[in-house]
Amino acid sequence: MDGSATFPDVTLAILAGGQGTRLGGVAKGLLTVDGRTVLERLLGLGSSFGDVLLVTNAPAPYARFGPRIVADAVEGRGAPGGVHAALGAARTPWVFAVACDMPFVTGAAARVVLEARARDVDAVCFEREGRWEPLLAVYRAALVARWGEALAENPSLRQVLSRFRTRTLPESALRAVDSHARALVNVNTPEDLVRFGVTLPSP
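Further remarks concern the pairing of strand β4 (residues 49-55). Along β4, six of the seven residues are buried, which leaves the element largely enclosed by surrounding structure. With six bridges joining them, strand β1 (residues 7-15) and β4 adopt parallel strand pairing. Directly across from Ile 14, in β4, lies its bridge partner Leu 54. In this sheet, strand β5 (residues 68-70) lies alongside β4 in parallel orientation, the contact comprising three bridges. For Val 55, the partnering residue across the bridge sits in β5 and is Val 70.

Before going further, it helps to examine the pairing of strand β8 (residues 131-140). The buried fraction of β8 is high, at seven of ten residues. Across five bridges, the pairing between strand β6 (residues 94-99) and β8 is antiparallel. For Val 95, the partnering residue across the bridge sits in β8 and is Tyr 139. Inspection of the sheet shows strand β7 (residues 123-128) paired to β8 by five bridges, in the antiparallel sense. Bridging from a neighbouring strand, Phe 126 pairs with Glu 133 of β8.

Over its twelve residues, helix α2 (residues 78-89) extends 17 Å from the first C-alpha to the last, a length consistent with the 16 Å expected when each residue adds 1.5 Å. By the criterion of burial, α2 is predominantly enclosed, with nine of the twelve residues buried. Those residues of α2 lying buried are Pro 80, Gly 81, Gly 82, Val 83, His 84, Ala 85, Ala 86, Leu 87 and Ala 89.

Counted by the stated rule, this structure contains five aromatic pairs. When the centroid spacing of 6.2 Å and the interplanar angle of 55° are considered together, the rings of Phe 104 and Phe 196 count as tilted. Of this pair, Phe 104 sits in the loop between β6 and α3 (107-114) while Phe 196 sits in helix α7 (residues 190-196), placing them 92 residues apart in sequence. Ring centres 5.3 Å apart and planes at 85° place the aromatic pair Tyr 139 and Trp 147 in the edge-to-face group.

Further remarks concern the sheet that holds β1. If you walk across this open sheet you meet the seven strands as β5-β4-β1-β6-β8-β7-β9, and the pairing is mixed. The open sheet is flanked by β5 and β9 (166-170), the only strands paired with a single partner. Across this sheet, the average inter-strand angle for adjacent strands is 30°, counted without regard to direction. Pairing of β7 with β9 involves five bridges; the strand directions are parallel. The residue of β9 that forms the bridge with Val 124 is Arg 167.

Our focus in this paragraph is unusual backbone geometry. Here Asn 154, not a glycine, exhibits a phi torsion of approximately 50°, which is positive. Along the chain, Asn 154 falls in the loop between α4 (144-150) and α5 (157-161). For Ala 181, which is not a glycine, the phi torsion comes out positive at approximately 55°. Along the chain, Ala 181 falls in the loop between α6 (171-175) and α7.

With that settled, consider the nonpolar core. Phe 96 and Leu 136 are the most contacted members of the largest nonpolar core, which has 48 residues in total. Of all the secondary-structure elements, those providing two or more residues to this core are β1, α1 (38-43), β4, β6, α3, β7, β8 and α7. With residues up to four places along the chain from it excluded, the contact list for Phe 96 reads Val 10, Thr 11, Leu 12, Ala 13, Phe 49, Ala 110, Val 113, Leu 114, Leu 136, Ala 137 and Val 138. Of all hydrophobic cores here, the second largest spans 27 residues; its members include Leu 15, Ala 90, Ala 137 and Leu 143.

Rules used in this analysis
- Residues numbered from 1 in each chain as written.
- Predicted model: local features only at pLDDT ≥ 70, side-chain atom pairs only at ≥ 80, totals over all residues.
- Heavy atoms only, no water.
- Buried < 20%, exposed > 50% of the residue type's maximum accessible area, 1.4 Å probe, protein only.
- Helix = DSSP H or I, 4+ residues; strand = E, 2+ residues; numbered from the N terminus.
- Pairing = 2+ DSSP bridges.
- Expected span 1.5 Å × (residues − 1).
- Phe/Tyr/Trp six-rings, centres within 6.5 Å; stacked < 30°, edge-to-face > 60°.
- Axes fitted to C-alpha atoms, helices over the stretch in contact; angles between N-to-C directions.
- Core = buried A, V, L, I, M, F, W, Y, C linked by side-chain atoms within 4.5 Å.
- Contact = heavy atoms within 4.5 Å.

Right, here's the structure in full:
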């Protein structure tokens, strides 16, 4: 990075661990919106961050995009394992985690989360309809050891976050910059493709 990042103390971590089974097993980061892959759209946010990495155990489809790629340190733990890998690989004090099937994350949405950090907070995420949204969220990299211990129980992300000082933001905070909360959209099914104007990668 050239030192001009808005958040030089934060690593952008894109999690590409999903198998895309409901979409025929595609690499979901290669789904396309308006002519650009979701991964390219997310990597476009990278200039605001001090570092960028991609977490995947199947790197081949993504190698041409050039991000630093890391694998899960604890396999078979889904998204919690992906976040753990990002925390362990980060070269900055904080990690902003997003999933590779979230096409509509914007810099403005990220800023809402990042500006809610505080000295007495370990993680920040949105809460929508009683659910935490831990894949548009920021974490202290120093959580890595305790996070790894928690993985022994094969927990959900919310169960891991409940161990730490997590600040939840109301959905209204996101809608102030993203009126339809599209930043939280993830594409999992053929119906999602149609609904959000997303296309499958070419064979």
